[in-house]
Amino acid sequence: MADSTLAKIGEDRSLLIVDDDEPFLRRLARAMEKRGFEPEAVETVAAGKAIATARPPAYAVIDLRLEDGNGLDVVEVLRERRPDARVVVLTGYGAIATAVAAVKIGATDYLSKPADANDVTNALLASSDERPPPPENPMSADRVRWEHIQRVYELCDRNVSETARRLNMHRRTLQRILAKRSPR
């Protein structure tokens, strides 16, 4: 671990990680600990809100969609308790609307999964006026399109006809897209 990373982190190294993907949660917590943070990892919105209320951390990495609710609820509680906290919202469903909502509520940055520990560290430690460098492996345009279609499909309760109507595309075209594997 570099001394410059420790200097950027500062005195308070507390880090809250909220994600319902347990293997990812463990890997990220270990990686962030190696980078000088003191992570506390939880899998639910309820546990995240409890920690944000009891002992608000200086840093947080919060998944947007969790099994028991929306990660933005944790961001709101954390912002109330500790306005200076640096918060990064992670999601597998990269959408402009949710990115805007996350930033309006108080997130420092917004990263699409898969994000590695370097991406997360860069986003957490970037100063307000500087932007972190672009990711090494960003999602392709085809992958972004596929993610958006999947998100709308889920929001329409997996109803192909309703999804096709909302996306303004032919139902058969949508069925062909849904039958294919996700692009890289």
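A quick note: this is a predicted structure, and the numbers were derived from the prediction, not measured. (Residues numbered from 1 in each chain as written. Predicted model: local features only at pLDDT ≥ 70, side-chain atom pairs only at ≥ 80, totals over all residues. Heavy atoms only, no water.)

Peer 1: I keep staring at the overall build of the chain and nothing clicks. Help me out?
Peer 2: Scanning the chain for helices and strands turns up 9 helices and 7 strands. Counting across all 184 residues of the chain, residues that qualify as buried make up 41%. Counting only contacts in the chain whose residues sit at least 6 apart along the sequence, the fraction spanning at least 24 positions is 60%. Carbon and sulfur atoms make up 48% of the accessible area of the chain, which totals about 10,700 Å². (Helix = DSSP H or I, 4+ residues; strand = E, 2+ residues; numbered from the N terminus. Buried < 20%, exposed > 50% of the residue type's maximum accessible area, 1.4 Å probe, protein only. Contact = heavy atoms within 4.5 Å. Areas by Shrake-Rupley, 256 points an atom, 1.4 Å probe, with all protein chains shown as cover.)

Peer 1: I tried to follow the environment of Val100 on my own but got confused; where do I start?
Peer 2: Following the sequence through the fold, Val100 ends up in helix α5 (residues 96–105). For Val100 and Tyr110, which are 10 residues apart along the polypeptide, the C-alpha to C-alpha distance reads 9.0 Å.

Peer 1: Just to check I follow, could you spell out the nonpolar core for this structure?
Peer 2: A general trend in soluble globular proteins is that nonpolar side chains are found buried together. Leu16, Val18, Ile62, Val87 and Val89 are the most contacted members of the largest nonpolar core, which totals 22 residues. At 5 residues, helix α4 (residues 72–81) tops the list of elements feeding residues into this core. Excluding residues within four positions of it along the chain, Ile62 makes contact with Val18, Gly71, Val74, Val75, Val87, Val88, Val89 and Leu90. If you look at the next biggest cluster of nonpolar residues, it comprises 21 residues, including Phe24, Met32, Ala58 and Val120. (Core = buried A, V, L, I, M, F, W, Y, C linked by side-chain atoms within 4.5 Å.)

Peer 1: Would you mind showing me how to read the sheet that holds strand β2 (residues 38–42) here?
Peer 2: Pairing between sheet strands relies on hydrogen bonds along the backbone, with the strands arranged either parallel or antiparallel. Strand order across the open sheet formed by 5 strands is β2-β1-β3-β6-β7, with parallel pairing between neighbours. Bordering the open sheet on either side are β2 and β7 (109–112), each of which pairs with just one other strand. Pairs of neighbouring strands in the sheet enclose a mean axial angle of 15 degrees, with direction left out of account. Two elements, strand β1 (residues 14–18) and β2, share 5 bridges in a ladder whose sense is parallel. Following the sheet pairing, Ile17 is matched in β2 by Ala41. Helix α3 (residues 45–54) contacts β1 and β2 of the sheet and is inclined by roughly 145 degrees relative to β2. (Pairing = 2+ DSSP bridges. Axes fitted to C-alpha atoms, helices over the stretch in contact; angles between N-to-C directions.)

Peer 1: What am I meant to see in the environment of Gly69 here?
Peer 2: Tracing the backbone shows Gly69 in strand β5 (residues 69–70). Measuring from C-alpha to C-alpha, the distance between Gly69 and Thr44 comes to 7.9 Å, with 25 residues separating the pair along the chain. Setting aside its immediate chain neighbours within four residues, Gly69 contacts Val45 and Leu64.

Peer 1: Could you clarify how one ought to interpret the confidence of the model for the chain in this entry?
Peer 2: Any segment with low pLDDT has predicted coordinates that should not be analysed in fine detail. Averaged over all residues, the pLDDT of the chain equals 82, while 85% of them reach at least 70. The element-level mean pLDDT for the chain is lowest in helix α1 (residues 3–9), coming to 52, with helix α8 (residues 160–167) highest at 94. (pLDDT = per-residue confidence, 0-100.)

Peer 1: Got a minute to help me understand the pairing of strand β3 (residues 59–63) in this structure?
Peer 2: Regular strands show a simple pattern: their side chains alternate between the two faces of the sheet. Most of β3 sits inside the fold, with 5 of its 5 residues counted as buried. Side chains Tyr59, Val61 and Asp63 project from β3 onto one buried face, and the interleaved Ala60 and Ile62 project onto a second face that is buried too.

Peer 1: How should helix α6 (residues 117–125) be read in this particular structure?
Peer 2: Side chains of residues three or four places apart in an α-helix project in the same direction, reflecting 3.6 residues per turn. Most of α6 is tucked away: 7 of the 9 residues are buried. Ala117, Asp119, Val120, Thr121, Ala123, Leu124 and Leu125 are the residues of α6 that are buried. Of the residues that open α6, the one with a side-chain oxygen 3.2 Å from the backbone nitrogen of Asn118 is Asp116. (Polar contact = N/O pair within 3.5 Å; in protein donor to acceptor, adjacent residues only side chain to side chain.)

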